Amino acid sequence: MFRLKFLNLAAVLLVFSGCAFFEKKPAPKIVQKPVVQKPAPVKGSLRGVISSVTYDGGRYCYDIKSIDVLNGKLPSGKYCADKFYFSSGDTVYARVSGGFVTEMLLIKSGTHHVTHKVKKTPKIKSPSPAKSPQQEESNKKILIDVPKSENISFD
């Protein structure tokens, strides 16, 4: 009986010990790969201000400074198009495919950036014609006192 208990206990300990009696293999060495910068995406959208426009080989090239780069928008850069869209200083939203502008929408024209203030001349009030006493009486406000008490009767 004692031998049976001892053999059962030894078997259980052997199962739980697992591979503790075998040699441990050394941990594999981790090789870090150099960080490779991804090339700028060639398809996406861009919101920014046109800093310059140049005509280059039958195409208009826009140098756009990005305002918003969140949500996967393209960074600032030089993007070309087959036609002229807007001039420098304009805030635009552009769709780019393959490095070319496919569509450009105007958000705010660059002419709104005024550096000087325009002085407004005060309006000169013309003398109003004399009003008759009846007109003056009709324009007076009638003041009514707030009631002190209120009675409601249901008959």
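Description of the structure in this document. (Residues numbered from 1 in each chain as written. Predicted model: local features only at pLDDT ≥ 70, side-chain atom pairs only at ≥ 80, totals over all residues. Heavy atoms only, no water.)

Considerations on the overall build of the protein chain
Each helix and strand in the protein chain was counted, giving 2 helices and 5 strands. Helices and strands appear in the protein chain in the N-to-C order α-β-β-β-β-β-α. As displayed, the protein chain offers around 14800 Å² of accessible surface, 59% of which is attributable to carbon and sulfur atoms. (Helix = DSSP H or I, 4+ residues; strand = E, 2+ residues; numbered from the N terminus. Areas by Shrake-Rupley, 256 points an atom, 1.4 Å probe, with all protein chains shown as cover.)

Side note on the pattern of salt bridges
Opposite charge on two side chains permits them to pair, given that their charged atoms come into close proximity. Using the criterion set out here, one finds 3 salt bridges in the structure. Between D68 and K73 there is a salt bridge whose closest N-O contact spans 3.4 Å. Look at D68 and you get buried, because its relative accessible area is 17%. For E103, the salt bridge identified is with R95, shortest N-O distance 3.8 Å. Here E103 falls in the partly exposed class, since its relative accessible area comes to 35%. R95 gets classed as partly exposed once you look at its relative accessible area, which sits at 44%. (Salt bridge = Lys/Arg side-chain N within 4 Å of Asp/Glu carboxyl O. Buried < 20%, exposed > 50% of the residue type's maximum accessible area, 1.4 Å probe, protein only.)

Considering the side chain of D90
Assignment of secondary structure puts D90 in the loop between β3 (77–81) and β4 (91–97). At 3.3 Å, the side chain of D90 forms a polar contact with the backbone nitrogen of S87. Every residue in contact with D90, bar those within four places of it in the chain, is listed here: G48, V49, I50, L106, K108, S109 and G110. (Polar contact = N/O pair within 3.5 Å; in protein donor to acceptor, adjacent residues only side chain to side chain. Contact = heavy atoms within 4.5 Å.)

Quick look at the packing of aromatic side chains
In the structure shown here, the tally under the stated rule is 4 aromatic pairs. Between the aromatic rings of Y60 and F84, the centroid separation amounts to 5.4 Å while the plane-to-plane angle is 65°, which identifies the pairing as edge-to-face. Of this pair, Y60 sits in strand β2 (residues 59–68) while F84 sits in the loop between β3 and β4, placing them 24 residues apart in sequence. Judged by relative accessible area, Y60 falls into the partly exposed class, the value being 25%. Measuring from ring centre to ring centre gives 6.4 Å for Y62 and Y85, while their planes differ by 50°; the resulting arrangement is tilted. You can see Y62 sitting in strand β2 and its partner Y85 sitting in the loop between β3 and β4, a full 23 residues away along the chain. With respect to burial, Y62 and Y85 carry one shared label: buried. Among the aromatic side chains, those forming a connected cluster through ring pairs are Y55, Y60, Y62, F84 and Y85. (Phe/Tyr/Trp six-rings, centres within 6.5 Å; stacked < 30°, edge-to-face > 60°.)

Focus: the nonpolar core
Counting residues in hydrophobic clusters, the biggest one holds 13 residues, and the most contacted among them are I50, Y62, I64, Y79, Y85, V101 and M104. Within the residue set of this core, elements represented by two or more residues are β1 (43–56), β2, β3, β4 and β5 (100–108). Top contributing element to this core by residue count: β4, with 3 residues. With residues up to four places along the chain from it excluded, the contact list for V101 reads Y79, C80, A81, Y85, A94, R95 and V96. (Core = buried A, V, L, I, M, F, W, Y, C linked by side-chain atoms within 4.5 Å.)

Some details on the environment of D63
Along the chain, D63 turns up in strand β2. Taking C-alpha positions, D63 is 8.7 Å from S88, a pair spaced 25 residues apart along the chain. Those residues in contact with D63 that lie beyond four places of it in its chain are V49, I50, S51, S52, G77 and K78.

Quick word on the pairing of β3
Within a regular strand, side chains alternate between the sheet's two faces. Of all the 5 residues making up β3, 4 are buried; the element is thus mostly covered by neighbouring parts of the structure. In this structure, β2 lies alongside β3, joined through 5 bridges in antiparallel fashion. Counted as the bridge partner of C61 is C80 from β3. (Pairing = 2+ DSSP bridges.)

That's the geometry; what it means functionally is another story.
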